[in-house]
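Commentary on secondary and tertiary structure
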Amino acid sequence: MSTDGPEPAVLWFRRDLRLGDHPALVAAGQRVLGVFVLDDRLLKPAGAARRIFLVRSLRALREQLGGRLLIVSGDPATVLPEIADAVSATSVHISAECAPYGRERDQAVRAALARREIDLVATGSPYAITPGRVRKQDGDPFRVFAPFYRAWLEHGWRGPADTEKSTVDWIDPGAVAESVELPDEPVPEGLTLPEAGEKAALTAWREFRKGALADYPDDRDRPDRPGTTRLSTYLRWGAVHPRTLLADLVDDLPGGDSFRRELAWREFHADVLWHRPETARRNYDRRFDVFDQDTGKAADAAFDAWCAGQTGYPIVDAGMRQLLAEGWMHNRIRMVVASFLVKDLHLPWWRGARHFMRRLVDGDLASNQLNWQWVAGCGTDAAPYFRVFNPVTQSQKFDQDGAYIRTYVPELRDLTGQAIHQPWTLPDGPPAGYPLPIVAHAEERQEALRRYGAVTG
């Protein structure tokens, strides 16, 4: 094809499915071919919710670009050099990847491109501060959030990049190759997903900033109220960049400090995974490699009941059913159900983390795995004894009137008062169709403490 005009470049979209605040778009130059590679190594382990939302996000991005997005399938190390050659590009531009597989994949792509004298150029990342850059004064990484947060604030971040569709001249992909058809995967029955795309992400942020942000410090822990941002899905796919959000958090904005801190937790976990990539699969605290956990048929049956939202503990079951219905779960409830799996059922954290990654539309490896380890007590903050969440008191405190439970557990919708938190205490037991508790929390708490004591002394 003709190469008259500015030198062409390839922009390889990954976890940055937007046009605004896109540093790699600035670095790519004036004449750009946008590409997304459907990679089976990422798609096959993902659940239906994540795959469907990705396809919808790609369609939204392609529409933003007036159709000028080339979508191909295959091994990126094979297809990207061929695409770059087809447009006579000397560079492929990306937002840096920070997770273990992405880093490994990018090394392979960089080597394949180099053999054709093509550069792989990383600019920016999915984070306000790229993982690995915030360190202690002695150069070591942080292992505790509070000092990381202080250093993160002190380090600071650049303002949003001024980019949009008209920033560059987009090369017509039809002159390069034919895009593959995006799969129309059937939506599982009952699953409801948020609207995809950059426009939807920015709308959600504006509405939250004008409304629920002021009460965020308190309401973010209340699953019965619309007090959270619901932005985790958009951040996971890069439909909005965290710098865009941070730039809107002026110093005197009510709720701003609390929300900024939550963004920093996301960056902390990414930083931990950057330095300790093995923690995606293994305990951060290796003492827990010998932790006593249940196995066998009874353990598998308990796990299945947890997955299905049939444990007999309403707040746990509401959370697990919300996950099935929406591919998302309220953050407070994620901690409650995780504690129940690890502390009440004595099952390994990685089983729950794997289930979450298959079901969550916002499934982010660093946040998911390290939050699970945080609850399990084998992560960066070793305080397992203080995180044996009581599912009844958590329900009474954060879903006082049972509104959240009623939304997701229809068997209990007619209950009033405290009975909705402990339906097994009713004279005739729980309503028809709802199970009795599969374990006694008080007994399992003591058993959990015994097992932790055997590891931690």
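Residues numbered from 1 in each chain as written. Predicted model: local features only at pLDDT ≥ 70, side-chain atom pairs only at ≥ 80, totals over all residues. Heavy atoms only, no water.

With 13 residues, helix H7 (residues 198-210) extends 18 Å from end C-alpha to end C-alpha; this agrees with the ideal 18 Å at 1.5 Å per step. The complete set of buried residues in H7 reads Glu 198, Ala 200, Ala 201, Trp 205 and Phe 208. Take H7 and look down its axis: the buried residues cluster within an arc of 165 degrees, on one side only. In H7, those exposed residues whose orientation departs by more than 90 degrees from the buried face are Lys 199, Glu 207 and Lys 210. (Helix = DSSP H or I, 4+ residues; strand = E, 2+ residues; numbered from the N terminus. Expected span 1.5 Å × (residues − 1). Buried < 20%, exposed > 50% of the residue type's maximum accessible area, 1.4 Å probe, protein only. Arc of directions from axis to C-beta.)

Running from amino to carboxyl end, helix H14 (residues 331-344) crosses helix H16 (residues 365-376) at an angle of 60 degrees, the nearest separation of the two axes being 9 Å. Between H14 and H16, the interaxial angle falls into the category oblique. With respect to the hand of their crossing, H14 and H16 are arranged in right-handed fashion. Contact residues: Met 335, Ala 338, Ser 339, Leu 341, Val 342 and Lys 343 in H14; Trp 372, Trp 374, Val 375 and Ala 376 in H16. In terms of residue class, the contact of H14 with H16 is made up of eight nonpolar, one polar and one charged. (Axes fitted to C-alpha atoms, helices over the stretch in contact; angles between N-to-C directions. Parallel < 35°, antiparallel > 145°, perpendicular 65-115°, else oblique. Left-handed = near helix turned anticlockwise from the far one by under 90°. Contact = heavy atoms within 4.5 Å. Nonpolar A, V, L, I, M, F, W, Y, C, P; charged D, E, K, R; others polar.)

Counting residues in hydrophobic clusters, the biggest one holds 70 residues, and the most contacted among them are Phe 13, Leu 58, Trp 152, Trp 170 and Phe 259. Excluding anything up to four places from it in sequence, Phe 13 contacts Arg 18, Leu 19, His 22, Gly 34, Val 35, Phe 36, Leu 61, Leu 69 and Trp 170. Judged by nonpolar contacts, the second largest core, of 47 residues, contains Cys 307, Val 316, Ala 338 and Phe 340. (Core = buried A, V, L, I, M, F, W, Y, C linked by side-chain atoms within 4.5 Å.)

Okay, the packing of helix H6 (residues 145-155) against helix H11 (residues 256-275) next. Contact geometry for H6 and H11: axes closest at 10 Å, N-to-C directions at 105 degrees. On the basis of their axis angle, the class for H6 and H11 is roughly perpendicular. Counting all contacts with H6, which are made through Phe 145, Phe 148, Tyr 149, Trp 152 and Leu 153, the residues of H11 involved are Asp 257, Arg 260, Arg 261, Ala 264, Trp 265, Glu 267, Phe 268 and Asp 271. By residue class, the composition of the contact of H6 with H11 is eight nonpolar, no polar and five charged.

The subject of this paragraph is the pairing of strand E2 (residues 31-38). Every regular strand shows the same layout, with side chains that alternate between the two sheet faces. Of all eight residues in E2, eight are buried, a share of seventy percent or more. Sheet topology places strand E1 (residues 8-13) next to E2; six bridges connect them, and they run parallel. By the bridge assignment, Val 10 is partnered in E2 with Leu 33. A crossover connection joins E1 to the parallel E2 through helix H1 (residues 23-28); in handedness this β-α-β unit is right-handed. For E2 and strand E6 (residues 169-170), the ladder comprises two bridges, and the chain directions are parallel. Bridge assignment links Arg 31 to a residue of E6, and that residue is Asp 169. (Pairing = 2+ DSSP bridges. Right-handed = clockwise from strand over helix to strand, strands pointing away.)

With that settled, the discussion passes to the environment of Asp 364. Here Asp 364 shows up in the loop between helix H15 (349-359) and H16. Classification of Asp 364 by relative accessible area gives buried; the value is 7%. Spatially, the C-alpha atom of Asp 364 lies 30 Å from that of Ala 114, the residues being 250 residues apart in sequence. Sequence-distant contacts of Asp 364, that is, excluding residues within four places in its chain, are made with Arg 15, Tyr 127, Arg 236 and Met 357. A polar side-chain atom of Asp 364 sits 3.3 Å from the main-chain amide nitrogen of Ala 366. (Polar contact = N/O pair within 3.5 Å; in protein donor to acceptor, adjacent residues only side chain to side chain.)

The residue His 330 is located in the loop between helix H13 (314-326) and H14 in this model. A polar atom in the side chain of His 330 sits 3.1 Å from the backbone nitrogen of Arg 332. Excluding residues that lie within four positions of it along the chain, His 330 makes contacts with Asp 219, Arg 220, Asp 221, Arg 222, Pro 223, Thr 228 and Gln 322.

Here we take up the pattern of salt bridges. Per the counting criterion, the structure on display carries 26 salt bridges. For Asp 184, the salt bridge is made with Arg 59, and the minimal N-O distance between the two is 2.8 Å. You can see Asp 184 sitting in the loop between E6 and H7 and its partner Arg 59 sitting in helix H3 (residues 48-64), a full 125 residues away along the chain. Relative accessible area serves as the criterion here: at 31%, Arg 59 is assigned to the partly exposed category. With its nearest N and O atoms 2.8 Å apart, the salt bridge here joins Asp 285 to Arg 287. Residues joined by salt bridges that share partners form a network here, namely Asp 292, Asp 294, Glu 447, Arg 450 and Arg 451. (Salt bridge = Lys/Arg side-chain N within 4 Å of Asp/Glu carboxyl O.)

Right, let's get into H16. Every α-helical turn comprises 3.6 residues, leaving residues that sit three or four positions apart pointing alike. Counted at 1.5 Å a residue, the expected span for H16 with its twelve residues is 16 Å, and the 16 Å between its end C-alpha atoms agrees. Across the twelve residues of H16, eleven count as buried, placing the element largely inside the fold. The set of residues buried in H16 consists of Leu 365, Ala 366, Ser 367, Asn 368, Gln 369, Leu 370, Trp 372, Gln 373, Trp 374, Val 375 and Ala 376. Looking at the buried residues of H16, the elements they touch are helix H5 (100-114), H11, helix H12 (297-308), H14, H15 and helix H19 (441-456). By the N-cap criterion, in which a side-chain oxygen at the helix start approaches the backbone nitrogen of a residue two or three places on, H16 is capped by Asp 364, the distance to Ala 366 being 3.3 Å. Gly 377 sits one or two residues past H16 and shows a positive phi near 85 degrees.

Here the phi dihedral of Glu 117 falls at roughly 60 degrees; this positive angle occurs in a residue that is not glycine. Structurally, the position occupied by Glu 117 is in the loop between H5 and strand E5 (119-122). For His 346, which is not glycine, the phi torsion reads 60 degrees and is therefore positive.

The subject of this paragraph is the side chain of Ser 367. With respect to the helices, strands and loops of the structure, Ser 367 is situated in helix H16. For Ser 367, a relative accessible area of 16% translates into the label buried.

Moving on, we come to the packing of aromatic side chains. One pass over the full model with this rule turns up 25 aromatic pairs. Taken together, the ring pairs in this structure connect Phe 142, Phe 145, Phe 148, Tyr 149, Trp 152, Trp 157, Trp 265 and Phe 268 into an aromatic cluster. Taking NZ or CZ as reference, Arg 236 lies 4.0 Å from the ring centre of Trp 237, over its face. (Phe/Tyr/Trp six-rings, centres within 6.5 Å; stacked < 30°, edge-to-face > 60°. Lys NZ or Arg CZ within 6 Å of the ring centre and 35° of its normal.)

The quantities given are spatial measurements derived from coordinates; they are silent on function.
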